[in-house]
Amino acid sequence: MKTGRGILSAAGVVLALAVTAFIVHSCGIYSFTGTSIQPDVKTITINYFEYQALKVNPSLSNQITEALQEKFIKLTKLELVDMDGDLEITGTVSGYDVKATAVTANEQAAQNRLTVNVKVSFTNRKYPEDDFPDKSFSAYADFDAMTSLDAVESELCEEIVEQLCEDIFNATVANW
């Protein structure tokens, strides 16, 4: 004969999970995306990333700005506003360089590396202790030296922008 213990223990587990989820959600500070945004922080302003690198990539500033905005919209409950957000991110593209990373026995490049550097300022108007005035972020992608940069630049920039946005996101709202 079966007892009701199996049903009761399953109901207990479900109840415990529901209570835990409610408590975690109620705190408002923790989220399952890993952010630690205080509950009274509601808006964010992400300013256009100015381009100041010597080598020109005309679309990179726009790519970084839009990708960062999209990341915050997708992973947080913050409302994106044009100015005076509770959080504000301002940045510049400060470097865009290609250098050889691997050299063959004939002293020719076998592999090149595209590196993008950005400087970011972060302002938290509700919690100024979280601010940072100028923090540098860098990301790179390698490509075969026999391939021209023009042939792979778009793909490499997508990869680099994704990494930069992840690093900036983590530094600003994930406190990593």
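Each remark here, short or long, concerns the structure printed above.
Everything numeric in this text was worked out from a predicted model, so none of it was measured.

Novice: A description of the overall build of the protein should follow, citing residues and the corresponding values.
Specialist: Of the regular secondary structure elements, the protein holds three helices and six strands. Its helices and strands in sequence order give the protein the pattern α-β-β-α-β-β-β-β-α, from N to C terminus. For the protein, the residues scored as buried account for 34% of the 176 residues in total. For the protein, restricting intrachain contacts to residue pairs at least 6 apart in sequence, the fraction spanning at least 24 positions comes to 65%. Total accessible area on the protein is roughly 11100 Å²; 55% of this is exposed by carbon and sulfur atoms.

Novice: Explain the layout of surface pockets to me, and be specific about the residues and the numbers.
Specialist: The calculated volume of the second largest pocket comes to roughly 220 Å³. Gln63, Ala67, Glu70, Lys71, Lys74, Leu75, Glu158, Val161, Glu162, Cys165 and Glu166 together form the lining of the second largest pocket. Counting residues per element, the ones that place at least two in the lining of the second largest pocket are α2 (60–75) and α3 (149–174). Sorting elements by how many residues they give to the lining of the second largest pocket places α2 first, with six residues. Residues that form the lining of the second largest pocket fall into these classes: four nonpolar, one polar and six charged.

Novice: Kindly report on unusual backbone geometry, identifying the contributing residues and their values.
Specialist: Positive phi values are uncommon outside glycine, yet Asp84 reaches one of about 60 degrees. Note on Asp84: relative accessible area 56%, which makes it exposed.

Novice: Could you give an account of the packing of aromatic side chains, with specific residues and numbers?
Specialist: If you walk through the whole model with that rule in mind, you get two aromatic pairs. Consider the rings of Phe122 and Phe132, whose centres lie 5.6 Å apart with planes at 35 degrees: the pair is tilted. Of the two residues, Phe122 sits in strand β5 (residues 109–124) while Phe132 sits in strand β6 (residues 132–144), which places them 10 residues apart along the sequence. Phe132 carries the same exposure label as Phe122, and that label is buried. Cation over ring: Arg113 sits above Tyr140, and NZ or CZ is 3.8 Å from the ring centre. The ring of Phe132 carries the charged tip of Lys135 above its face, separated from the ring centre by 5.1 Å.

Novice: Break down a negative patch on the surface for me, citing the residues and quoting the values.
Specialist: A cluster of acidic side chains, namely Glu155, Glu158, Glu159 and Glu162, defines a negative patch on the protein surface. Within the fold, Glu158 resides in helix α3. Of the residues examined, Glu158 reaches a relative accessible area of 52% and is grouped as exposed.

Novice: Quick rundown of the packing of α2 against α3? Include the residues and the values.
Specialist: Two numbers describe how α2 lies on α3: the axes approach to 9 Å, and their chain directions differ by 50 degrees. With respect to their mutual orientation, α2 and α3 come out oblique. The element α2 and its partner α3 pack so that their crossing is right-handed. Here Leu60, Gln63, Ile64, Ala67, Leu68, Lys71, Phe72 and Leu75 of α2 lie close against α3, whose contacting residues are Cys157, Glu158, Val161, Leu164, Cys165, Glu166, Ile168, Phe169, Thr172 and Val173. Of the residues in the contact of α2 with α3, the class split is 13 nonpolar, two polar and three charged.

Novice: Tell me about the pairing of strand β4 (residues 87–103), and please be specific about residues and values.
Specialist: The two faces of the sheet receive side chains in turn, since in a regular strand these alternate between them. Pairing geometry for strand β1 (residues 43–46) and β4, over three bridges, is parallel. Pairing of Ile44 across the sheet is with Leu87, part of β4. In this sheet, β4 lies alongside strand β2 (residues 50–51) in parallel orientation, the contact comprising two bridges. Counted as the bridge partner of Tyr51 is Val93 from β4. Pairing geometry for β4 and β5, over 15 bridges, is antiparallel. Bridge pairing in β5 links Gly95 to Asn117.

Rules and cut-offs
- Residues numbered from 1 in each chain as written.
- Predicted model: local features only at pLDDT ≥ 70, side-chain atom pairs only at ≥ 80, totals over all residues.
- Heavy atoms only, no water.
- Helix = DSSP H or I, 4+ residues; strand = E, 2+ residues; numbered from the N terminus.
- Buried < 20%, exposed > 50% of the residue type's maximum accessible area, 1.4 Å probe, protein only.
- Contact = heavy atoms within 4.5 Å.
- Areas by Shrake-Rupley, 256 points an atom, 1.4 Å probe, with all protein chains shown as cover.
- 1 Å grid on protein atoms, 1.4 Å probe; cavity = no way out; pocket = protein on both sides within 12 Å on 5 of 7 lines; lining within 4 Å.
- Points joined across faces, edges and corners; volume = space filled by probe spheres on them.
- Nonpolar A, V, L, I, M, F, W, Y, C, P; charged D, E, K, R; others polar.
- Phe/Tyr/Trp six-rings, centres within 6.5 Å; stacked < 30°, edge-to-face > 60°.
- Lys NZ or Arg CZ within 6 Å of the ring centre and 35° of its normal.
- Patch = residues over 30% accessible without salt bridge, like charges linked within 9 Å, V, L, I, M, F, W, Y side chains within 5 Å.
- Salt bridge = Lys/Arg side-chain N within 4 Å of Asp/Glu carboxyl O.
- Lys, Arg positive; Asp, Glu negative; His and termini not counted.
- Charge placed at Lys NZ, Arg CZ, Asp CG, Glu CD.
- Axes fitted to C-alpha atoms, helices over the stretch in contact; angles between N-to-C directions.
- Parallel < 35°, antiparallel > 145°, perpendicular 65-115°, else oblique.
- Left-handed = near helix turned anticlockwise from the far one by under 90°.
- Pairing = 2+ DSSP bridges.

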